[in-house]
Each structure stands twice: as structure tokens, then as C-alpha cells.
Amino acid sequence: MSKNKKQDENEEVLKWLDEEDPFGLNEEDVFITFKCIDCGKEDEVPDFVVEEFAFDLKKGEVVEVVCPFCEGTMREARKDPK
Ligand SMILES: [Zn+2]
């Protein structure tokens, strides 16, 4: 008994996904929550972007990004250990 065509196609797709990883599915995207100090809204910033910003920082400085809502300043939201 041979495999049907549909199954062959599925296997092709799975193989392609596995090899190329076109959507980055095998990599875990890490997002860091930033909170705007001006409007208080939160946004998720990919970890690698934050690292790029952090690269130029002097000691004691924190990463700041521009708020997409009000163009204010966003800083990493600290999780308060309450
Ligand atoms: Zn804002």
C-alpha cells in the first residue's frame, strides 16, 4: 500500500519547514515589556532590539525606547516582587 499524494505533500512541507525554519518557529522569541513613563502604556520589545540599545549604554543608564503611543519615553517594566 502506497502513501497517498496528500501525505507526500505534507511531508514535503514539514521537511521544508524543518530545514529552512522560514518563520523562526524553532527559535524562541523573547519579548521584554516596556512601560511608558509618560502615558503609562506598555509595549513588548524583542529581546535582541533591547540588547542593541543596551550596547551603547553607559554604566547606570537604562534602555529607553520611544513610545509608539505618545512618542514619550519607555523604560523596561520592572516586575515588582510584591
Ligand atoms: Zn507613551
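Residues numbered from 1 in each chain as written. Predicted model: local features only at pLDDT ≥ 70, side-chain atom pairs only at ≥ 80, totals over all residues. Heavy atoms only, no water.

Q: Looking at this structure, how should I read the overall build of the chain?
A: Scanning the chain from terminus to terminus reveals two helices and four strands. Secondary structure elements in the chain, listed N-terminal to C-terminal, are α-β-β-α-β-β. With 82 residues in all, the chain has 15% of them scored as buried. A separation threshold of at least 6 residues defines the contact pool for the chain, and within that pool the share at least 24 residues apart is 40%. In the form shown here, the chain has an accessible surface area of approximately 7300 Å², with 50% of it arising from carbon and sulfur atoms. (Helix = DSSP H or I, 4+ residues; strand = E, 2+ residues; numbered from the N terminus. Buried < 20%, exposed > 50% of the residue type's maximum accessible area, 1.4 Å probe, protein only. Contact = heavy atoms within 4.5 Å. Areas by Shrake-Rupley, 256 points an atom, 1.4 Å probe, with all protein chains shown as cover.)

Q: Would you mind showing me how to read unusual backbone geometry here?
A: Note on backbone geometry: most residues besides glycine have negative phi, and most peptide bonds are trans. Phi at Glu71 is positive, roughly 65°, even though this residue is not glycine. Inspection of the secondary structure puts Glu71 in the loop between strand S3 (64-66) and strand S4 (73-76). Using a relative accessible area of 67% as the deciding quantity, one classes Glu71 as exposed.

Q: Looking at this model, I keep getting lost on the coordination of the zinc ion. Mind explaining?
A: Six octahedral donors at a metal ideally form angles of 90 or 180 degrees, and four tetrahedral donors ideally form angles of 109.5 degrees. Those protein atoms acting as donors to the zinc ion are Cys36 (SG), Cys39 (SG), Cys67 (SG) and Cys70 (SG), and they sit at 2.2 to 2.3 Å. Note that the zinc ion binds four donor atoms; their angles at the metal cover 104 to 115°, and the shape is tetrahedral. Read in sequence order, the donor residues coordinating the zinc ion give the pattern C-x2-C-x27-C-x2-C. One end of the pair, Cys39, is in the loop between strand S1 (31-36) and strand S2 (42-46); the other, Cys70, is in the loop between S3 and S4, and 31 residues separate them in sequence. Looking at Cys70, the relative accessible area reads 35%, which means it is partly exposed. (Donors = N, O, S within 2.8 Å, 3.2 Å for Na, K, Ca; no water. Tetrahedral: all angles 85-135°; square planar, octahedral: opposite > 155°, others 65-115°.)

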